[in-house]
Amino acid sequence: MNSSSSSSPSSTSKFLDLGSAIGQKEVKKILVLFLGLAASCLLLYKTAYPLPQELQVNNLTSPRPLLDHPSSSSPQTRSKSISFREVLENASTENRTVIVTTLNQAWAEPNSLFDLFLESFRIGQGTQKLLQHVVVVCLDPKAFDRCSQLHPNCYYLETSGTDFSGEKLFATPDYLKMMWRRIELLTQVLEMGFNFIFTDADIMWLRDPFPRLYPDGDFQMACDRFFGDPYDSDNWVNGGFTYVKSNHRSIEFYKFWYKSRLDYPELHDQDVFNKIKHEAIVSEIGIQMRFFDTVYFGGFCQTSRDINLVCTMHANCCIGLEKKLHDLNLVLDDWRKYLSLSEQVMNTTWSVPTKCL
């Protein structure tokens, strides 16, 4: 009974093979159907949510302004990508001293004052090495673009509500704003712990001036006219060239100087300095002042008497860009002639001032 009701081994194997074949066909159909549905879903997803384009290497910009690509981004973007402190750090000497100048579009144009300023460093005695320590604070976007083509340490100082790009004639309202913006900026330099030489860009650097700085003195300033005593605050001062050490005395003095503009709204920084230099609060601050001899730090007001000693020549006592350019070109011509001589000059005769009389 049991033997008749049970299937034979061969028939059972055939049945299983048939079932397996049917099962495999069904699995294949299911897989094909599944893959088709997946492809359709992926196509619909890509249509609804397109993938972003591949990142291009050319779209990656340097965080610092590049000398050969000055227009890759706006000055505002580039100046914010590297802070003023970083620019100062990059340019400073080992004892945290920087050389600072300011620049606007009028002085930054090709063959204008900035080109002469840089050229003086290149042909001066011992001045080439100092260029790496020069920080150029640009007062408008075009000045920043031109500076970035020529020099590594440029910083764009944005000032809202004021256009500093054009030529600013002496004592005009925009000139006063520019001068006081400079004092405010230099106060910040001191607060960040940097000593500085501030130099106008219409000063030609003919020799390294550092050996001529006084070893003492927190605040040292050039003169339009020097009367022989470096301690005498009644020398006719000129703020176009100053050396200031960062300490609590100099910081307090610069803050007081900047605040005093409110008491003398019609005067520029140099005239205000002359108003406040004898005030009791300056004595209380205790700042030590020294004033430079025009033999070393000359200008058109009082030219250096000895070309063998002169460090800088300033286009002071001169109003007008064209006049400054003419006479400063003569200064550099005189200097080149001096460098070409085989013997030291005994008597100095400058070709300037001519148009700056």
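The structure presented is a predicted model; accordingly, all values stated were derived computationally and were not measured.

Engineer: Outline the overall build of the protein, supporting the account with residue identities and numerical values.
Structural biologist: For the protein, the count of helices and strands is 12 helices and 10 strands. In the form shown here, the protein has an accessible surface area of approximately 19200 Å², with 55% of it arising from carbon and sulfur atoms.

Engineer: Please set out the environment of Ile285 residue by residue, giving values where relevant.
Structural biologist: Tracing the backbone shows Ile285 in helix H11 (residues 280–285). Judged by relative accessible area, Ile285 falls into the buried class, the value being 17%. Distance in space between the C-alpha atoms of Ile285 and Ser250 is 8.4 Å, their sequence separation being 35 residues. Those residues in contact with Ile285, other than ones at most four positions away along the chain, are Arg249, Glu252, Phe253 and Phe256.

Engineer: For the state of the cysteines, give the residues involved together with the corresponding values.
Structural biologist: If you walk through the whole model with that rule in mind, you get three disulfides. Residue pairing for Cys147: its cysteine sulfur links by disulfide to Cys154, the two sulfurs lying 2.0 Å apart. With the S-S dihedral at roughly -80°, the linkage between Cys147 and Cys154 falls on the left-handed side. Summarising the burial analysis for this pair, Cys147 and Cys154 share the class buried. The disulfide that involves Cys301 links it to Cys317, with 1.7 Å between the sulfurs. Note on the Cys301 and Cys317 pair: the S-S dihedral is about 100°, so by sign convention the disulfide is right-handed. In this pair, Cys301 is assigned in the loop between strand S9 (297–299) and strand S10 (312–314) and Cys317 in the loop between S10 and helix H12 (321–340), connecting sequence segments 16 residues apart. Using a relative accessible area of 9% as the deciding quantity, one classes Cys301 as buried. Along the protein, the cysteines that take part in disulfide bonds pair up as 1-2, 3-4, 5-6, counted in sequence order. Here Cys138 stays unpaired: no disulfide links it, and the sulfur of Cys147, its closest cysteine neighbor, is 4.1 Å away.

Engineer: Can you explain the packing of helix H9 (residues 248–259) against helix H10 (residues 269–276)? Please cite residues and give values.
Structural biologist: For any two helices packed against each other, one specifies the inter-axial angle together with the distance between the axes. Axis separation between H9 and H10 bottoms out at 10 Å; the angle between their running directions is 110°. Between H9 and H10, the angle is such that the two are roughly perpendicular. Where H9 crosses over H10, the two elements pack in a sense that is right-handed. Residues Phe253, Phe256 and Trp257 of H9 lie in contact with H10, whose contacting residues are Asp269, Val272, Phe273 and Ile276.

Cut-offs and rules
Residues numbered from 1 in each chain as written. Predicted model: local features only at pLDDT ≥ 70, side-chain atom pairs only at ≥ 80, totals over all residues. Heavy atoms only, no water. Helix = DSSP H or I, 4+ residues; strand = E, 2+ residues; numbered from the N terminus. Areas by Shrake-Rupley, 256 points an atom, 1.4 Å probe, with all protein chains shown as cover. Buried < 20%, exposed > 50% of the residue type's maximum accessible area, 1.4 Å probe, protein only. Contact = heavy atoms within 4.5 Å. Disulfide = S-S within 2.5 Å. Axes fitted to C-alpha atoms, helices over the stretch in contact; angles between N-to-C directions. Parallel < 35°, antiparallel > 145°, perpendicular 65-115°, else oblique. Left-handed = near helix turned anticlockwise from the far one by under 90°.

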